[in-house]
Amino acid sequence: MHAGLKITAFAAALTATFGSAYGVGQGVGPLTEDQTPARHDAHAEGGESGHSGHESPPPGGLQISENGYTLDLQTLRLTAGRTADLRFAIRGEDGRAVTAFRREHDKELHLIVASRDLNTYRHLHPTRAADGTWSIPVSLPRAGGYRVFADFTPEKKGAENLTLGADLAVSGTYAPQNLPAPNTNATTEGYEVKLGGALRPGAARELKLTVSRNGRPVTDLQPYLGAYGHLVALRSGDLAYLHVHPGGEPGDGSTEPGPDISFTATAPSSGTYRLFLDFKHEGKVHTAAFTVRAGTAATEEEASGPAPGEVSEEASHESAGEHGH
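What you see is a predicted model; the values in this text were computed from it and never measured.

Q: What am I meant to see in the environment of T153 here?
A: Considering the arrangement of structural elements, one finds T153 in the loop between β10 (144–152) and β11 (162–171). The sequence separation of T153 and L109 amounts to 44 residues, and the corresponding C-alpha distance is 7.7 Å. Those residues in contact with T153 that lie beyond four places of it in its chain are F101, R102, E104, A159, E160 and N161. Within polar-contact distance, the side chain of T153 engages the side chain of N161 at 3.1 Å.

Pasting the structure below:
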């Protein structure tokens with residue numbers, strides 16, 4: 001986890017700061033892709049932080065190169081609706097592909113692919129060849145612009161976690177999609193997930209996600225990548241990336257396996273965010289998606305009352321040799 005996210009565990013709670021390199025509470029607007037943000041840490045575990053309470057680095061994914069490492073996306077184009085290998089490498093300052101990575105949350109590298117309109121989302125776990133080339137079969141449903149995020153830590157003394165981003169084009173008949181409307185309830189494959197709370201720039205607010213099925217709370221969530229829940233947050237506009245995991249761990253004696261996953265979040269700026277919650281139950285990973293607004297008068301009213309919504313049918317998980325599990 002990036003150390004710039006200020007996370008504090010309370011029981012099964014996760015405290016996450018949605019990155020604030022621009023300074024929490026300073027009223028700075030969203031980054032644009034052509035801006036060059038400072039050094040960041042995309043991940044932070046509960047209670048760990050390498051930054052003071054007065055400054056935090058920006059979220060990840062806005063740069064293709066950082067700290068001497070570059071995301072070399074070798075597959076630049078795909079065709080909508082067709083399965084093809086997505087290939088890439090992480091290159092060091094010498095131009096050579098990196099072949100040694102530190103395992104974090106059971107994987108050497110986490111890959112996220114999201115459409116620019118945030119209607120399509122994939123959480124992927126590709127395989128690495130001996131020469132350092134990563135690959136995974138992927139099928140994207142719609143034509144348009146996508147962003148690829150590689151989240152990793154090199155196996156090198158002093159190396160920090162990085163999230164690098166690159167653009168991917170998907171050809172086909174392009175049909176623009178609107179950003180999904182704000183919602184506090186999402187359904188995914190028979191599960192209902194309720195989001196309580198609100199995001200506000202520069203102010204911590206508790207959020208609680210409650211998982212149920214057929215009207216009954218799910219109290220036996222299964223560990224997935226070393227946790228009961230995972231959150232990826234993408235800011236609409238620049239797709240600034242935040243990947244957050246719970247501060248507690250399965251089997252630690254205090255973290256319950258559902259139905260609630262709680263965390264406190266501070267948005268780095270006003271704007272709209274798309275949140276993707278991943279959880280595992282009965283051997284399958286499910287993704288619930290939410291659209292939330294930060295910095296508007298209606299935000300807390302929207303969060304306090306029911307606002308039916310449904311997870312995008314294009315939000316899913318895939319791993320090497322195992323799709324949509």
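That covers the picture; the talk isn't over yet.
Q: I tried to follow the packing of aromatic side chains on my own but got confused; where do I start?
A: Any two aromatic rings considered together are summarised by their centre-to-centre distance and by the angle between their planes. What the rule picks out here adds up to 7 aromatic pairs. The interplanar angle of 75° and the centroid separation of 5.5 Å between the aromatic rings of F101 and W134 together place this pair among those described as edge-to-face. Taken together, the residues span a long stretch of sequence, with F101 in the loop between β5 (84–91) and β6 (109–115) and W134 in strand β9 (residues 133–138) at a distance of 33 residues. We classify F101 as buried; its relative accessible area is 5%. Residue classification places W134 among the buried positions, given a relative accessible area of 2%. With 5.0 Å between their ring centres and 25° between their planes, F149 and Y241 make a pair best called stacked. Of this pair, F149 sits in strand β10 while Y241 sits in strand β17 (residues 241–244); the two residues are 92 residues apart in sequence, bridging distant segments of the chain. You can call F149 buried: its relative accessible area is 0%.

Q: Mind showing me how you'd approach the pattern of salt bridges here?
A: Pairs may arise between side chains of opposite charge once their charged atoms sit close together. One pass over the full model with this rule turns up 8 salt bridges. For D72, the salt bridge goes to R91, with nearest N and O atoms at 2.8 Å. Taken as a pair, D72 in strand β3 (residues 69–73) and R91 in strand β5 lie far apart in primary sequence, 19 residues in all. For R116, the salt bridge goes to D167, with nearest N and O atoms at 2.7 Å. Here R116, found in the loop between β6 and β7 (121–125), pairs with D167, found in strand β11; they are 51 residues apart in sequence, far enough to count as distant.

Q: Would you mind showing me how to read the pairing of β9 here?
A: Most of β9 sits out of view: 5 of its 6 residues are buried. The pairing of β5 with β9 spans 6 bridges and is classified as antiparallel. Bridging across to β9, F88 finds its partner in W134. Sheet analysis places strand β8 (residues 127–128) next to β9, joined by 2 bridges and oriented antiparallel. Looking at β9, one finds that T127 is bridged to S135.

Q: What's the story with the pairing of strand β14 (residues 205–213) in this structure? I'm lost.
A: Both strand β13 (residues 191–196) and β14 contribute to a ladder of 6 bridges, which runs antiparallel. What sits directly across from E192, in β14, is S212. Note: β14 against strand β15 (residues 216–217), 2 bridges, orientation antiparallel. Within β15, the position partnered with R213 by the bridge is R216. Here β14 folds back onto β15, and the loop between the two strands holds 2 residues, one of which, N214, carries a positive phi near 55°.

Q: Would you mind showing me how to read the side chain of E108 here?
A: Relative to the elements of secondary structure, E108 occurs in the loop between β5 and β6. Ignoring sequence-local partners within four residues, the contact set of E108 consists of F101, R102, R103, R128, W134, D151 and F152.

Q: Honestly, unusual backbone geometry in this entry has me stumped. Any pointers?
A: Residues apart from glycine generally show negative phi values, whereas peptide bonds are mostly found in trans. Put simply, G258 and P259 share a cis peptide bond, and its omega is 0°. Residue position: P259 is located in the loop between β17 and β18 (260–266). With phi around 50°, E189 is a residue other than glycine that occupies positive phi space. By the secondary structure assignment, E189 is in the loop between β12 (185–188) and β13. Using a relative accessible area of 47% as the deciding quantity, one classes E189 as partly exposed. Phi angles above zero are rare outside glycine, and L225 is one such case at about 55°. Summarising the element assignment, L225 is placed in the loop between β15 and β16 (230–235).

Rules of the game
- Residues numbered from 1 in each chain as written.
- Predicted model: local features only at pLDDT ≥ 70, side-chain atom pairs only at ≥ 80, totals over all residues.
- Heavy atoms only, no water.
- Helix = DSSP H or I, 4+ residues; strand = E, 2+ residues; numbered from the N terminus.
- Contact = heavy atoms within 4.5 Å.
- Polar contact = N/O pair within 3.5 Å; in protein donor to acceptor, adjacent residues only side chain to side chain.
- Phe/Tyr/Trp six-rings, centres within 6.5 Å; stacked < 30°, edge-to-face > 60°.
- Buried < 20%, exposed > 50% of the residue type's maximum accessible area, 1.4 Å probe, protein only.
- Salt bridge = Lys/Arg side-chain N within 4 Å of Asp/Glu carboxyl O.
- Pairing = 2+ DSSP bridges.

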